[in-house]
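Below, each chain spelled out in residue letters.
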2 protein chains.
Amino acid sequence: MIPEPAFNLLAEHVSRHVRLTPTETIIFRALLVPHRIPRKGFLLRPGEISRAESFVTKGCLRAYTIDENGFEHILLFASEGWWVSDLHSFLTQRQATCYIEALEDTEVLQIGKTQLEMLYQQVPKFERFFRMLLQNAYVAQQQRIADGLAHTAAQRYQRFLAHYPQLEQRLSQKHIAAYLGITPVFLSILKRKLLAR
Amino acid sequence: MIPEPAFNLLAEHVSRHVRLTPTETIIFRALLVPHRIPRKGFLLRPGEISRAESFVTKGCLRAYTIDENGFEHILLFASEGWWVSDLHSFLTQRQATCYIEALEDTEVLQIGKTQLEMLYQQVPKFERFFRMLLQNAYVAQQQRIADGLAHTAAQRYQRFLAHYPQLEQRLSQKHIAAYLGITPVFLSILKRKLLAR
DNA sequence: TTGATTTCTTAAACTACATTAACTGCGCGT
DNA sequence: ACGCGCAGTTAATGTAGTTTAAGAAATCAA
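Residues numbered from 1 in each chain as written. Chains lettered and ligands numbered in written order. Predicted model: local features only at pLDDT ≥ 70, side-chain atom pairs only at ≥ 80, totals over all residues.

**Quick look at the pairing of strand S3 (residues 52–58) of chain B**
Residue and element names in this part refer to chain B.
Okay, step 1: Burial analysis of S3 places 6 of its 7 residues in the buried class, which makes it a mostly covered element.
Okay, step 2: For S3 and strand S8 (residues 106–112), the ladder comprises 6 bridges, and the chain directions are antiparallel. Counted as the bridge partner of Lys58 is Glu107 from S8.
Okay, step 3: With 2 bridges joining them, S3 and strand S6 (residues 83–84) adopt antiparallel strand pairing. Paired with Ser54 across the strands is Val84, a residue of S6. (Buried ≥ 20, exposed ≤ 12 C-beta atoms within 10 Å, placed from the backbone. Helix = DSSP H or I, 4+ residues; strand = E, 2+ residues; numbered from the N terminus. Pairing = 2+ DSSP bridges.)

**Brief notes about the interface of chain B and chain A**
Okay, step 1: Taken residue by residue, the interface counts 26 residues in chain B and 26 residues in chain A.
Okay, step 2: Every element with two or more residues in the side of chain B that touches chain A is listed here: strand S5 (72–79), helix H3 (87–92) and helix H5 (125–150) of chain B.
Okay, step 3: Residue contributions to the side of chain B that touches chain A peak at 17 residues, all from H5 of chain B.
Okay, step 4: Tallied by class, the residues present in the side of chain B that touches chain A amount to 13 nonpolar, 8 polar and 5 charged. (Contact = placed C-beta atoms within 7 Å. Nonpolar A, V, L, I, M, F, W, Y, C, P; charged D, E, K, R; others polar.)

**Considerations on the protein's contact with DNA strand D**
Okay, step 1: Close to DNA strand D lie 16 residues, the nearest being Ala153 and Phe186 of chain A together with Gln173, Lys174 and Ser188 of chain B.
Okay, step 2: Broken down by element, the residue count for the surface near DNA strand D peaks at 6 residues, all from helix H9 (residues 184–195) of chain B.
Okay, step 3: Among the residues forming the surface near DNA strand D, the class breakdown is 8 nonpolar, 5 polar and 3 charged. (Near = placed C-beta within 6 Å.)

**A closer look at the UniProt feature "domain: Cyclic nucleotide-binding" (unreviewed entry) in chain A**
Okay, step 1: According to UniProt, the "domain: Cyclic nucleotide-binding" (unreviewed entry) feature falls on residues 36–122 of chain A.
Okay, step 2: Overall, residues 36–122 of chain A shows 18% helix and 46% strand. The separation of its end C-alpha atoms is 28 Å. (UniProt positions renumbered as here; feature names shortened; annotations may be inferred.)

**Examining the sheet that holds strand S1 (residues 32–37) of chain A**
Okay, step 1: Pairing is antiparallel across the open sheet formed by 4 strands, whose spatial order is S1-S8-S3-S6 (chain A). With one partner strand each, in any of the chains shown, S1 and strand S6 (83–84) of chain A form the two edges of the open sheet.

**Observations regarding the relation of the copies chain B and chain A**
Okay, step 1: When chain B is fitted to chain A, the residual RMSD is 0.0 Å, and the transformation amounts to a turn of 180° plus an axial shift of 0.0 Å. Expressed as an axis order, the relation between the two copies is that of a two-fold axis. Relative to the rotation axis, the C-alpha of Arg131 of chain B is the closest in chain B, positioned 2.3 Å from it.
Okay, step 2: Comparing interface residues between copies, 100% of those in chain B also lie at the interface in chain A; the contact surface is shared. (Least-squares fit on C-alpha atoms with pLDDT ≥ 70 in both.)

This is the structure we're talking about:
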């Protein structure tokens, strides 16, 4: 069964982009499956296939890859109100290349690939909804690329803090460093320098 | 009037994602406007509003920003078969933050913001089409981010060559460097080192 | 509470990349 | 043909960020 507050969060999120009728809301709800991931548990590992899009209703996850030298690189954090999946794997139904791990005890609402295709057919509004979601995600990613090209690590760290103030409390420096593309050692040095002023 | 070969390129591109009826094709075509940009001309400048999505039928463009120190950073190249706009400006109809400049004499087919909204209403299939386009663009950008975090400039350059072999011929090293996030001077040094082996 | 594991800090040596500047060559307008 | 400006090269020097290693602090299991 889907907990009421969890679904409310999702419904409110959807309603920011498209207006659903009560019937459409019921159809949508029937396609969702709740799922819990304990802290340090995985929603996805490389080699598996990303079979669902997950909307986070509680907790926080990170999507990351491990490069050929064993270093982790964080693609995104997903806390309450965000969607997460390995989109490439989800779309192609081929093997995923990244890990999705819970940083806290986490709860998500999932919609499977086939269920989503059904939803697109029964309620075409959702084509629009996910298109708009993707537009925003694309713009955010483009800004991250531009930010990475234009700024030093110290600037990127400060902009990260300004942009995700609540997230910073919940993340380890190690993970913030892996998101910014620097080593934890250097992030520690940066923090000291920034405080010294 | 829209040149036949230009529209054919676009129609073929669309048909890779959705199947249009002859009527739908006609509706679509009627909303497009052809546009030429001479080499070194601008499709968009910061402060203007991105009023159209542009599909490149001939030539090549680059989208770039200039940071507070006056350095250019290239967000993307768009040659034949690619779409380009400042998506953030296009969606919000607020001032653009980037330049879009033609690197060669270029021809595009444009669809305006209001025309696109009409198209979504008249032919909802296009919601699906642009959603799929965005999915692919999102995945490509995510890979660029991961690539930037995981690899050195030398590796990124080689991967760029492998990934866009035809584009490399048409671009100056200066522009490739601005895309990779390094200085032209350093790219020159990299090339020498790579050749030396 | 304890020991064990992980995270964070600090410092020293090192590397990837930037900066500056001087020089080469090429395309372009006149 | 000339001169000019811009793209690319090369070398010297400078700096942002890494690596390694060791100790301190926080977190976790039992």
